[in-house]
Amino acid sequence: MKILHTTGRYVLLMRRVFARPQKMKIFSSQVFTEFESIGLDSIGIVAFISVFMGAVVAIQTAYNISSPLIPMSMVGFTTRQSMILEFCPTVISLILAGKVGSRIASEIGTMRVTEQIDALEIMGVNSANFLILPKLTAAVLINPVLITLSMWMSILGGWGAMVLSNLVTTPEFITGLRVDFQIFSVFYALIKTFFFAFIIASVSGFFGYETQGGALQVGQASTKAVVFSSILIIVFNLILTKLLLT
Amino acid sequence: MIEAKHIDKLFGEKQVLKDVSFQFQKGKTNLIIGQSGSGKTVLMKCLVGLHEVDKGEILYDGRDFCKMNFQQRREIRKEIGMLFQMGALYDMMNVEENIMFPLNMFTNKSLEEKKERVNFVLKRVNLVNANKLMTSELSGGMIKRVAIARAISMNPEYLFCDEPNSGLDPQTAGVIDHLIKEITEEYQITTIMNTHDMNSVLSIGDNVAFIYKGELWWRGDKDTILHTENKELNEFVFGTELTSRLKK
């Protein structure tokens, strides 16, 4: 019953979120601010994790190819497929759920417990729309950019690891990268990213907005935001994979 | 003028307000007083629509707030300024941006006009040259003054103040009280203030409602409150060491 109640409240909040912003000029400036805090501030961590993920996947693949019948170019192929199809959209989205989701929930939650949201409501501002829609818009626009960057960085990481460890040569790795490449793989990853970004921003916004109490409850809201966003990302990953790849 | 008529408010089974009726007069500081937990904050939140009443009417100069839809309430809310207990200033904005916020949202004034208005209200609350300070750089008294400046930036018809001098030293609290009183009289605003501070009551209480266990127990003003025979009110008024000594 509780989960139905929570889902109902989430849907009602989203109805308030998806209204026309009161001032488009203010809304667009908020979206650009969020681009910075959601997107630009995440570039470092996304690039760092992607490079290392790509490197690890490439090394593991290279060490597991023991048959002389399998060409070493398969390392490039496997790295590309693993990174683009699964690691970049899903794992990086989970990382962003932790970084961005907790920030959104704690920011909005703190505004709730310090009556800043009440102050918006008293002024006649649709606070749900004013606070959550810019974050949601920025997340669904900037996260695909971050994931595209992650794809490049992870492949770069894989290539770097192979060259440095002399396991696979550069021509072999590039040959592998080109084998049976389908652009749909990238679209598939970006479609998933779009949904994951929506989940991160809306679920975190919901838990922040619903916060009641004080500092302890803000912390709890932040934790709930990360946990529920992560669970939903995992569940929707399965659903979207089933829908898009079959 | 704001009229509350036969207001009932329940949270689950618990009745927090019972048949409260009161007239909050224009150009006067109307005080809602009572012990912590008596229901005065709930009454104020009902008046501004942050809580929905279960029964009764709230009339803003004859306009029934309870029967209004979201859009109609939004129009009324443009006439409301509110000073929250902790100020409720937006952390990510500086003083100027905080005060300019309602002007940005609801007016089409030019930047120059808005800055002029910001400087005017800052001067009115004796905070000149504080425009670029962040909220984290402000003292408790300054936060309250900026919050007052933001509340009056749109020339409100109605000003709500939720315990405006809580957490302040008596001297600063007195300054805030007199500022609210001056603004109320100067702009002929209907001001409603929640407090349990007897200094405020005795200095600016033009029209006082005493709430006891969710009911309107007594009404009067700063001159009559010290001479009442009401037992519960006397316990509240003379509850501190200072006031009980003064009474003796």
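What you see is a predicted model, and the numbers here were worked out from it, not measured in a lab.

Asker: Hey, could you run me through the interface of chain B and chain A in this one?
Answerer: As a measure of interface size, the accessible area lost when the parts come together is often cited. With 14 residues of chain B at the contact, the number on the chain A side is 13 residues. Only helix H2 (70–77), strand E6 (80–83) and helix H3 (95–106) of chain B provide two or more residues apiece to the side of chain B that touches chain A. When residues in the side of chain B that touches chain A are grouped by element, the largest group, three residues, is from H3 of chain B. Here the residues of the side of chain B that touches chain A sort into ten nonpolar, one polar and three charged.

Asker: What exactly am I supposed to notice about the sheet that holds strand E5 (residues 63–64) of chain B here?
Answerer: Note: strands within a sheet are paired through backbone hydrogen bonds, in either parallel or antiparallel orientation. Residues and elements named next belong to chain B. The sheet built from four strands is open, its strands ordered E2-E1-E4-E5 with antiparallel pairing. Edge positions in the open sheet fall to strand E2 (14–24) and E5, since each of these has one partner strand only. For strand E4 (residues 55–60) and E5, the ladder comprises two bridges, and the chain directions are antiparallel. When the sheet's bridge partners are listed, Tyr-60 is paired in E5 with Arg-63. Contacts from helix H1 (residues 40–48) reach strand E1 (2–11), E2 and E4, with the element oriented near 115° to E1.

Asker: What exactly am I supposed to notice about the packing of helix H4 (residues 74–113) of chain A against helix H7 (residues 170–178) of chain A here?
Answerer: Working note: a packed helix pair is described by the angle between its axes plus the distance between those axes. Residues and elements named next belong to chain A. In contact at an axis separation of 6 Å, H4 and H7 are set at 45° when each is read in the N-to-C sense. Put simply, H4 runs oblique to H7. In the crossing of H4 with H7, the sense of the turn from one axis to the other is right-handed. Between H4, through Met-74, Val-75, Gly-76, Phe-77 and Arg-80, and H7, the contact on the second element is made entirely by Glu-172, Phe-173, Ile-174, Thr-175, Gly-176 and Leu-177. Across the contact of H4 with H7, the residue classes tally to six nonpolar, three polar and two charged.

Asker: Would you mind going over the sheet that holds strand E7 (residues 158–162) of chain B with me for this structure?
Answerer: Residues and elements named next belong to chain B. With mixed pairing, the six strands of this open sheet are ordered in space as E6-E7-E8-E3-E9-E10. Strand pairing shows two members of the sheet lacking a second neighbour, E6 and strand E10 (215–220), which therefore form its edges. Ignoring strand direction, the axes of neighbouring strands in this sheet form an average angle of 20°. Strand direction decides the pairing type here: strand E3 (residues 29–33) and strand E8 (residues 190–195), joined by five bridges, are parallel. Note that in E8 the partner of Ile-32 across the bridge is Asn-194. Running at roughly 150° to E8, H1 makes contact with E3, E6, E7, E8 and strand E9 (207–212) of the sheet.

Asker: For this particular structure, what's the right way to read the environment of Ile-142 of chain A?
Answerer: Residue and element names in this part refer to chain A. Looking at the secondary structure, you find Ile-142 in helix H6 (residues 127–165). Residues Ile-142 and Phe-196 lie 54 residues apart in sequence; the distance between their C-alpha atoms is 12 Å. In contact with Ile-142, other than residues within four places in its own chain, are Phe-35, Ile-38 and Gly-39.

Asker: Explanation requested: helix H9 (residues 215–245) of chain A in the structure shown.
Answerer: Because each turn of an α-helix spans 3.6 residues, side chains separated by three or four positions in sequence point in the same direction. Residue and element names in this part refer to chain A. A rise of 1.5 Å per residue sets the reference length of H9, with its 31 residues, at 45 Å; its end C-alpha atoms lie 44 Å apart and thus fit the reference within 8%. Within the sequence span of H9, burial applies to Val-218, Ala-221, Ser-222, Lys-224, Ala-225, Val-226, Phe-228, Ser-229 and Ile-233. Structurally, H9 contributes buried residues whose contacts are with H4 and helix H8 (183–209).

Asker: Can you help me understand the environment of Glu-57 of chain B in this one?
Answerer: Residues and elements named next belong to chain B. Mapping Glu-57 onto the fold places it in strand E4. On the basis of neighbour count, Glu-57 is assigned to the partly exposed category, with 15 C-beta atoms found within 10 Å. Not counting residues within four places of it along the chain, the set of residues in contact with Glu-57 comprises Lys-5, Asp-64 and Cys-66.

Asker: Even after reading the chapter, I still don't get the pairing of E3 of chain B, so can you show me in this structure?
Answerer: Residue and element names in this part refer to chain B. For E3, the buried fraction is high: five of the five residues fall into the buried class. The two faces of E3 match: Thr-29, Leu-31 and Ile-33 on one face and Asn-30 and Ile-32 on the other face are all buried. As judged from the four bridges shared by E3 and E9, these two strands associate in the parallel manner. Directly across from Ile-32, in E9, lies its bridge partner Ala-209.

Asker: Can you help me understand the environment of Ile-189 of chain B in this one?
Answerer: All names here are of chain B. Along the chain, Ile-189 turns up in the loop between helix H6 (170–187) and E8. Distance from Ile-189 to Met-142, taken between C-alpha atoms, is 22 Å for residues 47 residues apart in sequence. Sequence-distant contacts of Ile-189, defined by excluding residues within four places in its chain, comprise Pro-156, Glu-157, Tyr-158, Leu-159, Ile-183 and Thr-184.

Asker: Looking at this model, I keep getting lost on unusual backbone geometry. Mind explaining?
Answerer: Residues and elements named next belong to chain B. Phi at Asp-19 is positive, roughly 50°, even though this residue is not glycine. With respect to the helices and strands, the residue Asp-19 is situated in strand E2. When the 14 C-beta atoms within 10 Å are taken as the criterion, Asp-19 is described as partly exposed. Despite not being glycine, Asp-61 has its phi angle at roughly 45°, a positive value. Position of Asp-61 relative to the elements: it lies in the loop between E4 and E5.

Asker: Could you clarify how one ought to interpret the pairing of E2 of chain B in this entry?
Answerer: For a regular strand, side chains alternate in direction, first toward one face of the sheet and then toward the other. Alignment of E1 of chain B against E2 of chain B, held across seven bridges, turns out to be antiparallel. The residue of E2 of chain B that forms the bridge with Phe-11 of chain B is Lys-14 of chain B.

Asker: What is the right way to look at helix H4 (residues 111–124) of chain B in this model?
Answerer: Residue and element names in this part refer to chain B. With 14 residues, H4 should reach 20 Å at 1.5 Å per residue; the first-to-last C-alpha distance of 20 Å fits that figure. Along H4, the positions that sit buried rather than exposed are Val-118, Val-121 and Leu-122. For H4, the arc enclosing every buried residue in end-on projection is 105°, short of the 170-degree limit, so these residues lie on one face. Facing away from the buried side of H4 by over 90 degrees, the exposed positions are Glu-112, Glu-113, Glu-116 and Lys-123. The secondary structure elements touched by the buried residues of H4 are H3 and helix H5 (140–152). Asn-126 lies just past H4 and shows a positive phi near 60°.

Procedures and definitions
- Residues numbered from 1 in each chain as written.
- Chains lettered and ligands numbered in written order.
- Predicted model: local features only at pLDDT ≥ 70, side-chain atom pairs only at ≥ 80, totals over all residues.
- Contact = placed C-beta atoms within 7 Å.
- Helix = DSSP H or I, 4+ residues; strand = E, 2+ residues; numbered from the N terminus.
- Nonpolar A, V, L, I, M, F, W, Y, C, P; charged D, E, K, R; others polar.
- Pairing = 2+ DSSP bridges.
- Axes fitted to C-alpha atoms, helices over the stretch in contact; angles between N-to-C directions.
- Parallel < 35°, antiparallel > 145°, perpendicular 65-115°, else oblique.
- Left-handed = near helix turned anticlockwise from the far one by under 90°.
- Expected span 1.5 Å × (residues − 1).
- Buried ≥ 20, exposed ≤ 12 C-beta atoms within 10 Å, placed from the backbone.
- Arc of directions from axis to C-beta.

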